[in-house]
Amino acid sequence: MKLNVYLCKNDVQEFESCLRPKTKSRQYELLPTTKEIENVEHRIYVVKGDSKIPKWLSFIEEYVSPDDIKDIQNKTCSMVILFKVETADGKRIFAVCHGFGYHIIDKTKIEQNFGLITSLNCVDRKKIKSMDTRSLGVQTLQKKEASNLYTNLGEFAFEFESEILQTISGALKDKTVGTKMGGTDNLLLSTSTPILIEEIPSKCLTIYEKFKLDTYKESFAFVDYIKYEKDKNIIATLDNLLADAINKKQNDLKISVVYPDQIDYERSETFKFGGLHRPRDFEFSEVPDVTLNAVYNYINGNAINSETLKEKIKIIGFDGNGEQITTQESLYTYLVFEADVYGSKYILSNKKWYVIENDYLQRVEGELKSLIAPLSNPPLINWDSSLDEGKYNALYKSDPDYLWLDKQNYTEKKFGRSKVEIADLFHEPTNKVFFVKKLNRSATLSHLFSQATVSADLFKEHLKYQESFLASLKEKWLGKAASFTEERIKQLIFVYAIGVPAGKGEILEVIPVFSKINLLRHVKLLRKVGYSVEVAKIDIV
């Protein structure tokens, strides 16, 4: 048997407040109970789905008799049972969902990460079944890994230093609790035997006691490096800072827009904003992509607050036929923002605030300093603020020591339409490849970091990629052609060259936290394939 359990926040004490309000499309009803559960209040709600003709029926209707298919309809019914259970911390409400019953749960009233923390306290590190992770920042990467056998944690490709663990499932150490457990905000518990309804409150109490433990620190201490923030006062302060940034149209490294995990954005042809001006104004705000500029254009100078971001402004994705294909999500869900409060650094990602552990941040910065050498040679030209990246790189085009590679893309048939830029510049005397970007947005930094690792992987794995690069060197320096061999490629030094306004400090001092974490991940990847890494600050004047 499998239970899908949510824990409501400790200030939620009324059953009705656990549920989303009824609407025309969201209907449910409270069933009268004919049997009591000793010392436990409970409520049973059912969602009676409407009968619908299955979409596949149109595929065969011309080939069969109408009388034979007239009664074929789908109907999905769901249920939520709410239990008020006495715990060591007072009464807490648990929601046990069946079918699609979780859709009527008010997610703002539930305990965040309840399922994840409980699972980490209970699962055997050596018997993990699956895990979902995501990276923080403006370029989020989500990964789902699953094994057909129970597997040791170390066998999964989880990067402890740069990713957030969102979901984990595995076999339980304590078989009296159940056989398998997993979850994020909700908890999925599997048992080998059926559970009677009157036994569920006792099971919820056991689960709650496991949730309150901190034994996860023994095997999963890394989850505290980047931890979910629960303090309401801190969150309110952070939300106000975000609203201020939106009102000021902030457009820098600290703020960006990212598609949330829960929507299928790749299938979306267009997106529509709504809720700020009128409840039904989605048709007047169509954009091909959700970007920060699109957000500011929609807000159009209207003063907004945290409630506007969380509750009013909504975004929906549509396919090429104008059909809605994503859930209606708040603008708040799309925003990534970094802020400093009370001596700590916080990051908003997918409507959750995370606090970065100070020791972890110091360790990241320390590792970066130990793994990346500052560029000492060659000296780079100052960056005229009126020049874009392409024009800046072109300054080196006539320099006899440099090979200008900017926009000299490499492609192969097996890459499809994809094109790879080997680097922006190559300096022959030092054997260094330069990847150049101006420090203005985290998205550009993310592209810079990944550009280098993609190129490094291709140098190691694709002979034609190596040959193309060596041919360019031989063409530029014909007299040194004999020296341009595979050995030169093995000895390349990768340089991140970043343009920073003069007087702004060193690179590692000015880039945001999630860019530092991202940079560390890419530096480790480069070193793993054998390349040294340097960083260069280019003064923008």
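In case you missed it, the structure is sitting above this.
(A) Broad picture of unusual backbone geometry. Residue P378 is reached from N377 by a cis peptide bond, and omega for that bond is 5 degrees. Examined against the element boundaries, P378 turns out to sit in the loop between β20 (372-374) and α11 (389-394). With a phi angle near 65 degrees, N39 is a residue other than glycine that sits in the positive phi range. The class for N39 is exposed, based on a relative accessible area of 73%.

(B) Examining the packing of helix α10 (residues 358-371) against helix α16 (residues 513-528) more closely. At their nearest, the axes of α10 and α16 sit 10 Å apart, and the two run at 40 degrees to each other. The orientation of α10 relative to α16 falls into the category oblique. The two elements α10 and α16 cross, and the hand of that crossing is left-handed. Contacts between α10 and α16 involve Y360, L361, V364, E365, E367, L368 and L371 from the first element and V513, K516, I517, L519, L520, V523, K524 and R527 from the second. Looking at the contact of α10 with α16 residue by residue, the class counts come to 10 nonpolar, no polar and 5 charged.

(C) Looking closely at the sheet that holds strand β4 (residues 77-87). Sheet architecture is open: 10 strands sit in the order β2-β3-β4-β5-β1-β10-β9-β8-β6-β7, paired in antiparallel fashion. The open sheet is flanked by β2 (29-31) and β7 (142-151), the only strands paired with a single partner. In this sheet, neighbouring strand axes are inclined to one another by 25 degrees on average, regardless of whether the strands run parallel or antiparallel. Where strand β6 (residues 123-135) and β7 come together, 6 bridges link them in antiparallel fashion. The residue of β7 that forms the bridge with T133 is K143. Strands β1 (2-7), β5 (90-98), β6, β8 (163-172), β9 (180-183) and β10 (187-190) of the sheet are contacted by helix α3 (residues 114-122), whose axis makes an angle of about 50 degrees with β8.

(D) Layout of the nonpolar core. If you look at the biggest cluster of nonpolar residues, it comprises 98 residues, and the most contacted ones within it are F220, F469, F494 and Y496. The next biggest cluster of nonpolar side chains, apart from the first, holds 36 residues, and it includes A243, I255, L309 and I315.

(E) Layout of the sheet that holds strand β19 (residues 352-356). As summarised here, the arrangement of the 5 strands in space is β11-β19-β18-β17-β12, forming an open sheet in which the pairing is antiparallel. A single partner strand is all that each edge strand has here, and the edge strands are β11 (226-228) and β12 (255-257). Across the sheet, the mean angle separating the axes of adjacent strands is 25 degrees when strand polarity is ignored. The sheet contact formed by β11 and β19 spans 3 bridges and is antiparallel.

(F) Quick look at the state of the cysteines. According to the stated counting rule, one finds 0 disulfides in the structure shown. Left unpaired, C8 is separated from the closest cysteine sulfur, that of C18, by 3.4 Å. C204 carries a free sulfur, and the closest cysteine sulfur to it, the one in C8, is 11 Å from it. With a relative accessible area of 2%, C204 lands in the buried category.

The rules behind the values
Residues numbered from 1 in each chain as written. Predicted model: local features only at pLDDT ≥ 70, side-chain atom pairs only at ≥ 80, totals over all residues. Heavy atoms only, no water. Helix = DSSP H or I, 4+ residues; strand = E, 2+ residues; numbered from the N terminus. Buried < 20%, exposed > 50% of the residue type's maximum accessible area, 1.4 Å probe, protein only. Axes fitted to C-alpha atoms, helices over the stretch in contact; angles between N-to-C directions. Parallel < 35°, antiparallel > 145°, perpendicular 65-115°, else oblique. Left-handed = near helix turned anticlockwise from the far one by under 90°. Contact = heavy atoms within 4.5 Å. Nonpolar A, V, L, I, M, F, W, Y, C, P; charged D, E, K, R; others polar. Pairing = 2+ DSSP bridges. Core = buried A, V, L, I, M, F, W, Y, C linked by side-chain atoms within 4.5 Å. Disulfide = S-S within 2.5 Å.

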